[in-house]
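A look at the structure
Residues per chain are reported as follows:
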Amino acid sequence: MDYIKIAASFDPSADVILYEGDCLDLLSQIPDGFVQLIVTSPPYNLGKPYESRLDMGEYLAQQKTVIAECVRVLKNTGSICWQVGNYVENGEIIPLDIVLYPIFDAFHLHLRNRIIWHFGHGLHASKRFSGRYEVILWFTKSDTYTFNLDAVRVPQKYPQKKYFKGPKKGLLSGNPLGKNPSDVWEIPNVKANHVEKTIHPCQFPVELIERLVLAMTDEGDWVLDPFIGVGTSAIAALMHNRKAIGAEIMPEYVKIARERVRLAEEGALRIRPMTRSVYDPDMPSANVPPQVIHLRPRVAQPELFETDSHYIAPEQGK
Ligand SMILES: C[S@@+](CC[C@H](N)C(=O)[O-])C[C@H]1O[C@@H](n2cnc3c(N)ncnc32)[C@H](O)[C@@H]1O
């Protein structure tokens, strides 16, 4: 039987690298131009259990150091997707994409989209409107970049609509493969009753990252998440035959990330499928059930025992 090869430090022969520690330490091990996509949600400086609240200038300086390394390890055809929300202090908000943009701009990255991720659940504000979106800044390193639009098209609203006059009269007016998903994405965030929920307070939904992985990488490419949390970016990458590398400072989250990969390998990890529409109480029967992932096996078992840097944890994820 074959296994997914999980390494604990940089190892280009692995399928997934889950580094327990500071992302800068992992980044320093990665060669220039190694990864095709960097997708992450960095700490928002909100004083969550995994971060100490910093002065905004200090926070931005830290982010700049990480971003500089990300730019170095990114392929020339690659993309960076930095997913952020608001920093909040005394009821006043600072949208982090606004203050981070000048850093990316200074590295001469090209902003392709400012994607609005809209979701339905969150805190109920009483002195301002409740926040129900966050942002993904999508940058490319150059003007020649991977963008597989057909891989992420969504169903047309009226798929049978036809031209009613002119030379194309009678032909379908929309692309039969579906339409461009646009830059406003309605995807449920991972709250208590979400099928993917772990102990992490702010994990990505897998489907959010799947869309980015499918659009911005090809099979075999490396996807890096410097703040990987419970490994959602790795799951999305592995599901589509990409390779994944990420760092996480909290050991309990790394453990869960490893368990999720093993569960996916065993065919026992449940996710919310990309094709499921947002819950509509008027049409509950239209809902697609959770999808069970079964990763395609890659490497022969003996390779797992080659070095100490590989986790061998068949008992995990049961
Ligand atoms: C917003 S969460 C990301 C969650 C992730 N997207 C997921 O789906 O699980 C940010 C993560 O970065 C981790 N973190 C904070 N500082 C870090 C650092 N210097 N290096 C690596 N990870 C760090 C935190 O522990 C936290 O889990």
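None of these values were measured; they are calculated from a predicted model. (Residues numbered from 1 in each chain as written. Predicted model: local features only at pLDDT ≥ 70, side-chain atom pairs only at ≥ 80, totals over all residues.)

Our focus in this paragraph is the pairing of strand β7 (residues 92-95). Pairing analysis gives four bridges linking strand β6 (residues 86-89) to β7, with the strands arranged antiparallel. Note on β7: the bridge partner recorded for V88 is I93. Counted between consecutive antiparallel strands, the loop separating β6 from β7 contains two residues, among which N90 sits at a positive phi close to 50 degrees. (Pairing = 2+ DSSP bridges. Helix = DSSP H or I, 4+ residues; strand = E, 2+ residues; numbered from the N terminus.)

For the ligand, the set of nearby residues contains 19 residues, the closest of which are Y50, Q203, F227, G229 and T232. Considering only residue class, the shell around the ligand consists of 11 nonpolar, five polar and three charged. (Near = placed C-beta within 6 Å. Nonpolar A, V, L, I, M, F, W, Y, C, P; charged D, E, K, R; others polar.)

Nonpolar side chains in soluble globular proteins generally cluster together in the buried interior. Among the nonpolar cores identified, the biggest contains 70 residues, and V16, A234 and L238 are the most heavily contacted of them. Setting aside its immediate chain neighbours within four residues, A234 contacts V16, L18, I228, A244, G246, A257 and V261. (Core = buried A, V, L, I, M, F, W, Y, C linked by C-beta atoms within 7 Å. Buried ≥ 20, exposed ≤ 12 C-beta atoms within 10 Å, placed from the backbone. Contact = placed C-beta atoms within 7 Å.)

With that settled, consider the environment of V184. Mapping V184 onto the fold places it in strand β10 (residues 184-186). Looking at V184, the number of C-beta atoms within 10 Å reads 10, which means it is exposed. Remark: the alpha-carbon pair of V184 and W117, spanning 67 residues in sequence, is separated by 6.1 Å. Among all residues touching V184, those that are not within four sequence positions of it are I116 and H118.

In this section: the environment of I103. By secondary structure assignment, the location of I103 is in helix α3 (residues 96-106). Residue I103 is classed as partly exposed on the basis of its C-beta count, with 19 C-beta atoms lying within 10 Å. Separated by 43 residues in sequence, I103 and L60 place their C-alpha atoms 8.4 Å apart. Sequence-distant contacts of I103, that is, excluding residues within four places in its chain, are made with L60, Q63, K64 and I67.

The subject of this paragraph is the confidence of the model for the chain. Within the chain, residue pLDDT values average 89, and 89% of them lie at 70 or more. Low pLDDT, under 50, characterises residues 299-318; the predicted model gives this stretch 34 contacts beyond four residues in sequence or across chains. (pLDDT = per-residue confidence, 0-100.)

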